[in-house]
Amino acid sequence: MSEPDLTFHQLAQRLRLEQLPHVEPSAELWPRIARAHRQRLRQARVRRLSAWCGGAGVLLLAALIGASGGWFDMRQPSSTTVDWQARAQALELQLRALNAAASRQVDAAIGSDAQDELVLVDLALQAAYDEGAAQERLTALWKRRSELLDVLVSARRHNMQISRI
Amino acid sequence: MDNTSDPAAGFAQRVDAMTLARAQAGDMQAFATLYSSFGRPCFNLALRILGNRAQAEDLVQEVFLKMFGAIRSYRGDAPFGSWLKRMAVNATIDQLRSQRHEADVDADAIFAAQPHDSAGPATALDAWSLLQRLPPRARAVLVLHEFEGYTHVELAELFGQSESYSKSILARALKRLNELVVNPREAAACPSQT
């Protein structure tokens, strides 16, 4: 004949559940947790730094774009379809890159006339801005500067091709 | 019955304001102090429910890392131990939920998934081994209700089920314990019964 079921309280008394052992976790557990915590902190720092650098880069880029855009806006000739100023600047960058790649021996020989005139045009441009010259005068100077740079870039390219043969 | 309620050892321990403030400032030594106080009760809670030492230690690690990250948001509305215990219980329930081999909702399925084991009733009738012979979810309900003092309303919220769900599982768990303790011969003779 079976006994009637016991309540949990009766079971607990019978089994001495109050004596259920308190087990100690491994001694290695805290060092493991501390290591994981430090690693998470390091990862969080790296993430923050990356986010900060990314944000700063975006801001810097936005500032540069804004600044150059504003500069263009102030000086861009409204009556012409060709932006001689921007074109001259782009050509100047090309020329610098080509000059950096070319040898010094070749350097002196190329387009010395155009280089001399370019110096004169730069001086004229500076003077025109200082005097507050009319937009037409500025545009003409930028156009000439662009043409001279075209000559120099072409000469440099031609010379480089020859020197590589 | 709550044998973890010993204020000197369980979740009821008090945390002094200085330790708490230092922990909230990210002081590692303060975290170590909190672990030395609450690591063991947290581990025992997880071990009783999960029944596996390695899993329990992983869970303690998870809970403490979470606590380190969240301690700045602790405002002292509840005792620190209760706050941490809640985290530990939630993590344990999540762990049980992740064990997809066990049926989630049906008490019959839960007990059918773990019939009387082959160890038989003649093995040592200590409380620990008896607990381990219950299905994990039934063990969780029993431990939380009978040892940690959770009400059926709280259990319903924890498991995302109705109150009758935890009542049903608890009743089945008690029945199985009775079979193992009071009428072991019947349990041995009818191993398929739950």
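Computed from a prediction, not measured in an experiment: that's the story for all the values here.

Caption draft 1: Up close: the overall build of chain A. Looking only at helices and strands, chain A has six helices and zero strands in total. For chain A, the N- to C-terminal ordering of α and β elements is α-α-α-α-α-α. Per-residue burial over chain A gives 14% buried out of 165 residues. Residue pairs in contact within chain A that sit at least 24 positions apart in sequence constitute 79% of those at least 6 positions apart.

Caption draft 2: Representation of the overall build of chain B within the structure. The helix and strand tally for chain B stands at ten helices and zero strands. Helices and strands in chain B line up, N terminus first, as α-α-α-α-α-α-α-α-α-α. Sorting the 194 residues of chain B into buried and exposed places 40% on the buried side. The long-range fraction of contacts in chain B, counting pairs at least 24 apart against all pairs at least 6 apart in sequence, stands at 65%.

Caption draft 3: Representation of the interface of chain B and chain A in the model. Contacts between the two partners involve 30 residues from chain B and, on the opposite side, 28 residues from chain A. Elements with a contribution of two residues or more to the side of chain B that touches chain A: α2 (28-50), α3 (53-70), α6 (127-132) and α9 (163-181) of chain B. Here the side of chain B that touches chain A is composed, by residue class, of 19 nonpolar, six polar and five charged.

Caption draft 4: Structural detail: the nonpolar core. Ranked by internal contacts, the top residues of the largest apolar core, which has 51 residues, are Cys42, Ala46, Val60, Val141 and Ala173 of chain B. Ranked by residues supplied to this core, first place goes to α2 of chain B with twelve residues.

Caption draft 5: Local environment of helix α7 (residues 136-147) of chain B. Residue and element names in this part refer to chain B. Over its twelve residues, α7 runs 15 Å from end to end, which matches the ideal 16 Å to within 8%, given 1.5 Å per residue. All buried positions along α7 are accounted for by Pro136, Arg137, Ala138, Arg139, Ala140, Val141, Leu142, Val143, Leu144, His145, Glu146 and Phe147. At the C-terminal side of α7, glycine 149 shows a positive phi close to 80°.

Caption draft 6: Layout of the packing of α7 of chain B against α9 of chain B. All names here are of chain B. Across the interface, α7 lies against α9 with an axial gap of 9 Å and an inter-helix angle of 95°. As the angle between them shows, α7 and α9 are arranged roughly perpendicular. Note on element contacts: α9 touches α7 through Ser166, Ile169, Leu170, Arg172 and Ala173, opposite Arg137, Ala138, Val141, Leu142 and His145. In terms of residue class, the contact of α7 with α9 is made up of six nonpolar, two polar and two charged.

Caption draft 7: How the structure looks around the environment of glutamine 95 of chain B. Along the chain, glutamine 95 of chain B falls in helix α4 (residues 80-98). Once residues lying within four places of it in the same chain are set aside, the contact partners of glutamine 95 of chain B are Leu50, Gln55 and Leu59 of chain B.

Caption draft 8: A look at the confidence of the model for chain A. Per-residue pLDDT for chain A has a mean of 77; in total, 76% of the residues score no lower than 70. Per-element averaging of pLDDT across chain A places helix α4 (residues 104-107) of chain A at the bottom with 51 and helix α5 (residues 112-131) of chain A at the top with 84.

Caption draft 9: Local environment of the packing of α3 of chain B against α4 of chain B. Residue and element names in this part refer to chain B. The interhelical angle for the contact between α3 and α4, taken along N-to-C directions, is 130°, at an axis separation of 10 Å. In this view, α3 runs oblique relative to α4, as classed from their interaxial angle. In this structure, the crossing between α3 and α4 has a hand that is right-handed. When α3 is examined against α4, the residues Gln55, Leu59, Glu62, Val63, Lys66 and Met67 are found in contact with a partner set consisting of Leu84, Met87, Ala88, Ala91, Thr92 and Gln95.

Caption draft 10: Focus on the environment of alanine 12 of chain B. Residues and elements named next belong to chain B. For alanine 12, the position within the fold is in the segment before α1 (17-24). Here alanine 12 falls in the partly exposed class, since 16 other C-beta atoms lie within 10 Å of it. Sequence spacing of alanine 12 and proline 79 is 67 residues, and the spatial spacing of their C-alpha atoms is 7.8 Å.

About the thresholds
Residues numbered from 1 in each chain as written. Chains lettered and ligands numbered in written order. Predicted model: local features only at pLDDT ≥ 70, side-chain atom pairs only at ≥ 80, totals over all residues. Helix = DSSP H or I, 4+ residues; strand = E, 2+ residues; numbered from the N terminus. Buried ≥ 20, exposed ≤ 12 C-beta atoms within 10 Å, placed from the backbone. Contact = placed C-beta atoms within 7 Å. Nonpolar A, V, L, I, M, F, W, Y, C, P; charged D, E, K, R; others polar. Core = buried A, V, L, I, M, F, W, Y, C linked by C-beta atoms within 7 Å. Expected span 1.5 Å × (residues − 1). Axes fitted to C-alpha atoms, helices over the stretch in contact; angles between N-to-C directions. Parallel < 35°, antiparallel > 145°, perpendicular 65-115°, else oblique. pLDDT = per-residue confidence, 0-100. Left-handed = near helix turned anticlockwise from the far one by under 90°.

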